[in-house]
Amino acid sequence: MTPAAPGTRVAGFRLRETLAWRPEWPIALLVALAWVLMLAGIGATDGHGDAVLTVDHAHHGQGHGQPSTAGPTPLDGLPGWALMSIAMMVPVTLPAVRHVGVNSLRIRRLRGMATYTAGYVAVWVAFGAVVLGALALLRSNLVVNERLLLVGALVVAAAWQLTPHKRRALFACRRTVPLPPIGRRADVACARYAVQQGMRCVISCWPLMTVMAVVGHANLIWMVVLTALIVAEELPLVGWRLSTPAAVGLALAAGLVAIVP
Amino acid sequence: MAWRDWESLGGVITSGPAASSWANGRLDVFARGTDSALWHKWFDGGWSDWESLGGVLTSSPGAVSWGPGRIDVFARGTDSALWHKWFDGGWSDWESLGGVLTSEPAVCSWASGRLDVFARGTDSALWHKWFDGGWSDWESLGGVLTSGPGAVSWGSGRIDVFAAGTDSALWHRWFDGSWFDWESLGGVITSSPGAASWGSGRIDVFAAGTDSALWHRWFDGSWFDWESLGGVITTAPAAVSWGPDRIDTVAAGTDSALWHRWFDGAGQQRFVRREAWALETPTTFDPITLAFAKAIQVMQARPASDPTSWSYQAGIHASWNAPPPGAPFNACQHQSWFFLSWHRMYLYFFERIVRKAVIDAGGPADFAVPYWNYSRPFPGNTLPPAFRASTLPDGTANPLFIAAPRRAAALMAGGQVPASATAIAAAMAETVFAPPSTVAGFGGGRVGPAHFGGFGNLGALESTPHNVMHPTLGGAPSGQCGGGLMTDPRCAALDPIFWLHHANIDRLWNNWLALGGGRANPTESGWLNASFEFRDENGATITMTGAEVVDSAAQLGYVYDDAPASAPPMPPEFEPTPEPLRPPELAAASEQGVVLTGQPMEVPLIVPDTSRDMLDATAGDGPGRVYVNVDDIEAEQDPGLAYAVYLAGATGERRHVGNISLFGISEMNDPDRPHAGAPGFRHIFNATDAVAQLRDEGAWDPSAFTVTFEPIRIEPPPGESWPADMEPEEVAPIIIGRVSLFVA
């Protein structure tokens, strides 16, 4: 793809030419930044939706199931969740970001890609609000065995891998929507495309992200493993073949979590 | 290839050898001895001893035979002039033909009584002298040679000359009524070339490489890449053929003896695929066409589980039916760089199955599937009559006949396929099989094996005529093969015309390669080594790779009756263009989508102010390229109708830029199968030439242009019109999300 540049050209020129073929690079940079922040522990939470480094919670470390009147709301974890969504879920949609970039006028390119990415992340944040809320509700009203909760999430994730819904969502990953060139129609189309792709991605990956909600965003090993799986699964034409091996892997993980002390 | 090992023929030679043959099984070899005289050795069932023919040579000899019992030998004398000696029952004396040679001579003959001699002159150019009842003067053929020439003729009026250029590459110039310009055949050669031909359309060229091994390149419809034949040779090689599938090469070894290596492909049968219309005279049913029809009857009578049955073979392409156990159904490769190679393999094994059925029934043993070249004027662009006759001469039902609605009614009524559907110029103008960029080139995009690799990977030949002809021949599909067989990939191979269509596509692949100008098959292992499974004439499982089908004549044993004789000179605009530095950029687009239902449709494009300068600059006189994209196409089903796409300027002048066909869309819509890019795929058309033409006519305004879609319908025969009941009906809709213009 990179043109063979004569020796007189400087490295900066070659970089510019390379980036011209990859208009999505600012969004890729955003993903890298999200990973750096996650690795630095910023935005991380423990397994219970509580932000670790941002708020010093009075009841942190106490047993759960104790109704708290002055404690944090589950939505306190949303900024961390949003950061994790950028790190984990935006990589799989970079081809769509590129589609928006390539199919926009040069002056609207960044705006289009930003609109798309914001809409796409918004879908995941909305999903996060639901899951984190549901988990908080569960934990505040029942005495929850955390290990059993994780085993359950992994079993659901393993089972979902084998459903036709999962497969169809993967097959639809290259679906696009028409992008008018200018005006409000162009913005609306980018947002519509974002929501369509975000919904498709939620259908494909909701159990995997639910696992992340259970283990907490602080768990970088889970993050790396699941991100690798999600990205590989979305490779066009071939990624879907990973669904069954991934289901087996997730089931094994569930077994391990259940038996290892 | 059946190359035999090197054998020593002994002697001590002090020049490169020359070789000639006057008949099957006869070889004559010449070389200079240690005494500078010409020595001769021949093969006629066994090798003779060396005999001296005298003279004092200052170069290697050149030799040719124009017929049985005749040999002409040439060499440079001590005076640097050309000297000539011939055998015609007995050896003549040496005669001088003058000139000042700076290389050994090369000689060829295209007929009895005709000799053409070539040598390098003092100006390093190629010089030519010929005998045709009397000797001509020397004429210069130009060039700058760094070796002696090699020459061969495959038939009357045809000469091919080879020599090393200043870049040490092999260069080629040929005469075919007139002299064509020099073309480079690449490589780095360290000796004069030697050339042989065993028949019309075949050339074998040999030379020493930088490793002193013998290297070989050959032309058989197109040029095949250099192959090493090993050995260590210390002189230029000589080559000769005494008949089809036989080549003999000789050269001196490190021991100064004469060494011999030969190719013997005898026993390899060559099948000829013939044009269907050529099989229509004097009767509708030529023995080949009739044998095809009778074999289809046999195949259709076999059980569906039989791998050699008609339905099983069609199912390998795609099928609505559940595959029999282990059957490699739904395997066809579309929208990918495997499209051409997979269909070549598929057709090859199908042909073997049909041939066996033909031979079993006592039909012609040289049966080959015909092709239909629909890109010709009336009546060539109408369905051959054998496919429109409901019965065979013996009164049985004709399986080549498919009644409407399973084949387009207008086609069965003798209508013409419009030129926009059969245009091959755009595909042939491509110079790269599978470019690594956004546009899919001649042969398709680089994707892994896939039933449908995504419309973005649609190669130019697959797009038009392949994809356009499918619905044009099939018409509207209905149910599971109830209508429009050719329109639905799951039914297409049930219509016998499918096989003629694909033979034509396969032929066009060979013709594209023969155009030269850098056109070549992919050399990546991903393409060469991808393996596909088929069933042979015995029903046995067999696999094949791309590397096994790059040369249809040598590897698969078939040729087409119009196999191109040589690479015609390419106009400059066909020179390969380098990969653009920047990706194509959006310059204009439609604001809203359109729905096509069989009527012409005009779509205006919005050109933002910011794009006008870019359009002026790129689509002006600059080197830029312009693409018309038809984006985000969706349809529930293939309407059985393709659309021609035109770019129109402000004054209404318009140019055809390509066609849209949704061949395969209903399979691609299947949400339970992996098909990249559908729904919502795009077609990309290179409109650079169209814009240039509009601009030259003053019809191009960068701020106001439209893209129009027009249905491609079968036209009535010349001078006729369709009856009222053949009037076009509304067809299933195609939704086009956006039409855009990109510049690069």
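Conventions used here
Residues numbered from 1 in each chain as written. Chains lettered and ligands numbered in written order. Predicted model: local features only at pLDDT ≥ 70, side-chain atom pairs only at ≥ 80, totals over all residues. Heavy atoms only, no water. Helix = DSSP H or I, 4+ residues; strand = E, 2+ residues; numbered from the N terminus. Rg over C-alpha atoms; globule rule 2.2 N^0.38 Å. Buried < 20%, exposed > 50% of the residue type's maximum accessible area, 1.4 Å probe, protein only. Lys, Arg positive; Asp, Glu negative; His and termini not counted. Charge placed at Lys NZ, Arg CZ, Asp CG, Glu CD. Contact = heavy atoms within 4.5 Å. Areas by Shrake-Rupley, 256 points an atom, 1.4 Å probe, with all protein chains shown as cover. Disulfide = S-S within 2.5 Å. Core = buried A, V, L, I, M, F, W, Y, C linked by side-chain atoms within 4.5 Å. pLDDT = per-residue confidence, 0-100. Salt bridge = Lys/Arg side-chain N within 4 Å of Asp/Glu carboxyl O. Patch = residues over 30% accessible without salt bridge, like charges linked within 9 Å, V, L, I, M, F, W, Y side chains within 5 Å. Expected span 1.5 Å × (residues − 1). Arc of directions from axis to C-beta. Pairing = 2+ DSSP bridges. Polar contact = N/O pair within 3.5 Å; in protein donor to acceptor, adjacent residues only side chain to side chain. Phe/Tyr/Trp six-rings, centres within 6.5 Å; stacked < 30°, edge-to-face > 60°. Lys NZ or Arg CZ within 6 Å of the ring centre and 35° of its normal. Axes fitted to C-alpha atoms, helices over the stretch in contact; angles between N-to-C directions. Parallel < 35°, antiparallel > 145°, perpendicular 65-115°, else oblique. Nonpolar A, V, L, I, M, F, W, Y, C, P; charged D, E, K, R; others polar.

Draft legend 1. Seen up close, the overall build of chain B. Looking only at helices and strands, chain B has 13 helices and 37 strands in total. Computed over the C-alpha atoms, the radius of gyration of chain B is 29 Å, within 12% of the 27 Å expected from 2.2 N^0.38 for a compact globule of 744 residues. Relative to its 744 residues, chain B shows a buried fraction of 60%. Counting 44 positive and 83 negative side-chain charges, chain B places the averaged centre of each group 4 Å from the other.

Draft legend 2. Representation of the overall build of chain A within the structure. Helices and strands together make up the secondary structure of chain A, namely 10 helices and zero strands. The secondary structure elements of chain A, listed N-terminal to C-terminal, are α-α-α-α-α-α-α-α-α-α. A separation of at least 24 residues holds for 76% of the contacts in chain A among residues at least 6 apart in sequence. Of the roughly 12,300 Å² of accessible surface on chain A, 71% is carried by carbon and sulfur atoms.

Draft legend 3. A look at the state of the cysteines. Within this structure, the stated rule accounts for one disulfide over all chains. In this model, C481 of chain B is linked to C491 of chain B through a disulfide, with the two sulfur atoms separated by 2.2 Å. The disulfide joining C481 of chain B to C491 of chain B has a torsion of about -85 degrees about its S-S bond and is therefore left-handed. With C481 of chain B in the loop between α7 (460-474) and α8 (497-514) and C491 of chain B in the loop between α7 and α8, the pair connects residues that are 10 residues apart, well separated along the chain. Here C481 of chain B matches C491 of chain B in class, with each residue buried. As a non-bridged cysteine, C201 of chain A has C205 of chain A as the owner of its nearest cysteine sulfur, 4.5 Å distant. For C201 of chain A, a relative accessible area of 0% puts it in the buried group.

Draft legend 4. A look at the nonpolar core. By size, the foremost hydrophobic cluster in this structure holds 93 residues, and its most contacted members are F350, W372, F433 and W499 of chain B. Looking at this core element by element, the count peaks at 13 residues for helix α3 (residues 339-360) of chain B. In this view, W499 of chain B contacts W310, Y346, L347, F350, V369, P370 and A493 of chain B; residues no more than four positions away in its chain are not counted. Formed by 61 residues, the second largest nonpolar core is a distinct cluster that contains I86, F127, L132 and C190 of chain A.

Draft legend 5. Structural context of the confidence of the model for chain B. All names here are of chain B. In the predicted model, chain B carries a mean pLDDT of 90, and the fraction of residues at 70 or more is 94%. Residue range residues 565-577 is modelled with pLDDT below 50. Its contacts to residues more than four positions away, or to other chains, number 24 contacts. As a predicted assembly, this complex carries a pTM of 0.71 together with an ipTM value of 0.81.

Draft legend 6. Up close: the pattern of salt bridges. All names here are of chain B. Under the criterion given, the structure shown has 43 salt bridges over all chains. For R4, the salt bridge identified is with D264, shortest N-O distance 3.8 Å. With a gap of 260 residues between them, R4 in the segment before β1 (7-10) and D264 in strand β24 (residues 258-264) connect regions that are remote in the sequence. With a relative accessible area of 36%, R4 lands in the partly exposed category. Of the charged contacts in the structure, one is a salt bridge between R202 and D220, with a shortest N-O distance of 3.3 Å. Of the two residues, R202 is situated in strand β19 (residues 202-208) and D220 in strand β20 (residues 214-220); the sequence distance between them amounts to 18 residues. Here R202 matches D220 in class, with each residue buried. Through salt bridges with shared partners, a single ionic network connects R202, D204, D220, D245 and R270.

Draft legend 7. Inspection of a nonpolar patch on the surface at higher detail. A cluster of nonpolar residues, L256, I259 and V260 of chain A, forms a patch on the protein surface that exposes about 310 Å² of accessible area. Within the element layout of this structure, L256 of chain A appears in helix α10 (residues 243-259).

Draft legend 8. Representation of helix α2 (residues 25-39) of chain A. All names here are of chain A. The terminal C-alpha atoms of α2 lie 21 Å apart, and with 15 residues this matches the ideal 21 Å at 1.5 Å per residue to within 8%. Within the sequence span of α2, burial applies to I27, V31, A34, W35 and M38. With its buried residues spanning 100 degrees around the axis, α2 presents them on a single face. In this structure, α2 carries L29 and L39 as exposed residues pointing more than 90 degrees from its buried face. Looking at the buried residues of α2, the elements they touch are α3 (78-89), α4 (94-102), α5 (109-141) and α9 (220-233). A positive backbone phi angle near 90 degrees is found at G41, which sits one or two residues after α2.

Draft legend 9. How the structure looks around unusual backbone geometry. Residue and element names in this part refer to chain B. Looking along the chain, the bond that leaves F378 and enters P379 is cis, with omega of 5 degrees. Residue position: P379 is located in the loop between α3 and α4 (409-412). One non-glycine residue, D245, adopts positive backbone phi at about 65 degrees. Relative to the assigned elements, D245 resides in the loop between β22 (238-243) and β23 (246-252).

Draft legend 10. Molecular detail of the pairing of strand β15 (residues 158-164) of chain B. All names here are of chain B. The buried fraction of β15 amounts to seven of the seven residues, a majority that puts the element mostly inside the structure. Here β15 shows a buried face lined by R158, D160, F162 and A164 and a second buried face lined by I159, V161 and A163. Relative to β15, strand β14 (residues 150-155) runs antiparallel, the two being bridged by four bridges. Looking at the pairing, G155 lines up with R158 of β15. Hairpin connection of β14 to β15: two residues between the antiparallel strands, including G157 at a positive phi of 80 degrees. Both β15 and strand β16 (residues 170-176) contribute to a ladder of seven bridges, which runs antiparallel. Bridged to I159 within β16 is F175.

Draft legend 11. Local environment of the side chain of R76 of chain B. Residues and elements named next belong to chain B. Of note, R76 is situated in strand β7 (residues 70-76). Although R76 is buried, it makes no salt bridge; E104 carries the closest opposite charge, 7.6 Å away. A distance of 3.0 Å separates the side chain of R76 from the backbone oxygen of L101, its partner in a polar contact. Residue contacts for R76: discarding those within four places in its chain leaves V56, L57, T58, S59, A81, W83, L101, T102, S103 and P105.

Draft legend 12. Highlighting the packing of aromatic side chains. Residue and element names in this part refer to chain B. In this structure the tally under the stated criterion is 49 aromatic pairs over all chains. Relative to W512, the ring of F433 has its centre 6.1 Å away and its plane inclined at 65 degrees; by these criteria the two rings are edge-to-face. Linking F433 in the loop between α6 (425-429) and α7 with W512 in helix α8, this pair joins segments that are 79 residues apart in sequence. Here the two residues F433 and W512 agree in accessibility, since each one is buried. Every member of this aromatic cluster is reached through a ring pair, and the members are F292, W310, W342, Y346, Y348, F349, F350, F367, F498, W499 and F534. The lysine or arginine in question, R26, covers the ring of W22, its NZ or CZ lying 4.0 Å from the ring centre. Here R355 stacks its cationic end above the ring of F271, 3.4 Å away from the centre of that ring.

Draft legend 13. Expanded view of the sheet that holds β19 of chain B. Residues and elements named next belong to chain B. Within the open sheet, the four strands sit side by side as β18-β19-β20-β21. Their pairing is antiparallel. Strands at the two margins of the open sheet, each flanked by one partner only, are β18 (194-199) and β21 (227-230). With direction set aside, neighbouring strand axes in the sheet form an average angle of 25 degrees. Judged from the seven bridges that link them, β19 and β20 form a sheet pairing that is antiparallel. Its bridge partner lying in β20, R202 is registered against D220.

Draft legend 14. Broad picture of the packing of helix α8 (residues 183-215) of chain A against α9 of chain A. Residues and elements named next belong to chain A. Taken N-terminus to C-terminus, the directions of α8 and α9 make an angle of 175 degrees; their axes are 11 Å apart at the nearest point. When the axis of α8 is compared with that of α9, the two are roughly antiparallel. Every residue of α9 that contacts α8 at C205, L208, V211, M212 and V215 is listed here: W222, M223, L226, L229, I230 and E233. Across the contact of α8 with α9, the residue classes break down as 10 nonpolar, no polar and one charged.

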